[in-house]
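Close look at the chain arrangement
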Amino acid sequence: MKIAPSMLSCDFSKMGEEIIRMDRAGADYMHLDVMDGAFVPNITFGAPVIKAVRGLTDVPFDVHLMIDNPLKYIDDFVNAGADIITFHVEAKSDIRATIEKIKSCGVKAGLVIKPNTPAEAVYPYLKDIYMVLIMTVEPGFGGQSFMEDMLPKVSEIREEAERQGVSIVIEADGGINEKTIGKCSEAGIDICVSGTGVFKAENAKEAIERLRAF
Ligand code: DX5
Ligand code: ZN
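The following paragraphs examine the structure supplied in this document. (Residues numbered from 1 in each chain as written. Chains lettered and ligands numbered in written order. Predicted model: local features only at pLDDT ≥ 70, side-chain atom pairs only at ≥ 80, totals over all residues. Heavy atoms only, no water.)

Observations concerning the pattern of salt bridges
Within this structure, the stated rule accounts for 11 salt bridges. Across the pair E148 and K183 runs a salt bridge whose closest N-O atoms are separated by 3.8 Å. Taken together, the positions of E148 in the loop between β6 (131-135) and α5 (152-164) and K183 in helix α6 (residues 181-187) put the pair 35 residues apart, joining distant regions of the chain. E148 sits in the partly exposed class, given a relative accessible area of 44%. Overall, the relative accessible area of 36% leaves K183 in the partly exposed class. (Salt bridge = Lys/Arg side-chain N within 4 Å of Asp/Glu carboxyl O. Helix = DSSP H or I, 4+ residues; strand = E, 2+ residues; numbered from the N terminus. Buried < 20%, exposed > 50% of the residue type's maximum accessible area, 1.4 Å probe, protein only.)

Quick look at the pairing of β6
Within a regular beta strand, the side chains point alternately toward one face of the sheet and then the other, so they alternate between its two faces. Burial analysis of β6 places 5 of its 5 residues in the buried class, which makes it a mostly covered element. In β6, alternate side chains face the same way, and those of M131, L133 and M135 on one face and V132 and I134 on the other are all buried. In this structure, strand β5 (residues 108-113) lies alongside β6, joined through 4 bridges in parallel fashion. The residue bridging L111 from the neighbouring strand is V132, located in β6. Inspection of the sheet shows β6 paired to strand β7 (residues 169-173) by 5 bridges, in the parallel sense. By the bridge assignment for β7, I134 is matched with A172. (Pairing = 2+ DSSP bridges.)

With respect to the environment of F199
Tracing the backbone shows F199 in helix α7 (residues 196-199). Since its relative accessible area comes to 8%, F199 is described here as buried. Between the alpha carbons of F199 and K114 there is a distance of 24 Å; along the sequence they are 85 residues apart. Among residues more than four places away in sequence, those in contact with F199 are P5, S6, M7, S9, C10, E18, R21 and M22. (Contact = heavy atoms within 4.5 Å.)

Right, dumping it as structure tokens:
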């Protein structure tokens with residue numbers, strides 16, 4: 001299992017040091033949650049903050065946009081150094097245009113589905129994207145409980161991808177820790193995001209190693 005610590009749970013008073021700490025702890029990706037206070041009821045940080053910490057590590061940046069109009073801001077997040085940009089299928093942007101915009105910048109594109117959104121919502125785009133991110137909590141806040149009933153979406157998406165003859169990376173996000181990651185692994189998830197599971201652990205390196213072993 002690949003592990004993407006969510007910087008939402010880091011100490012924002014020293015975000016740069018936290019990025020370096022996660023690099024040394026063996027993070028496979030850095031997961032950066034961008035929230036606009038409109039698409040979700042919380043505000044975090046934007047492209048300038050991501051840009052400020054990008055030079056501190058070579059670990060790929062997985063930028064999760066929880067914003068109403070992702071298309072408008074793709075250039076900013078590309079310039080900030082995103083390696084993967086995921087945005088919500090429920091957002092207001094033209095989905096196909098947004099995917100094409102991300103790819104035209106040489107960045108990997110992914111679609112995110114909220115808990116109430118069925119797997120089918122991403123089927124028309126599977127050929128064009130690198131990743132599907134399945135939310136296992138309602139987006140907006142860290143530290144919520146894992147929704148196990150989201151896991152059937154993994155095999156649904158895998159089967160549809162096979163039908164279409166494409167391969168897809170599947171990531172899950174929300175409430176993932178040592179108690180819940182086993183289920184994610186059994187379901188066939190490739191990358192797990194973990195915020196509190198990594199940042200609230202006494203030793204982040206050991207926490208990541210334990211999570212990765214699943
Ligand atoms: C929630 C974010 C998640 C969150 C995960 O909207 O997308 O990435 O930070 O945090 P935990 O692992 O604490 O649920
Ligand atoms: Zn996220």
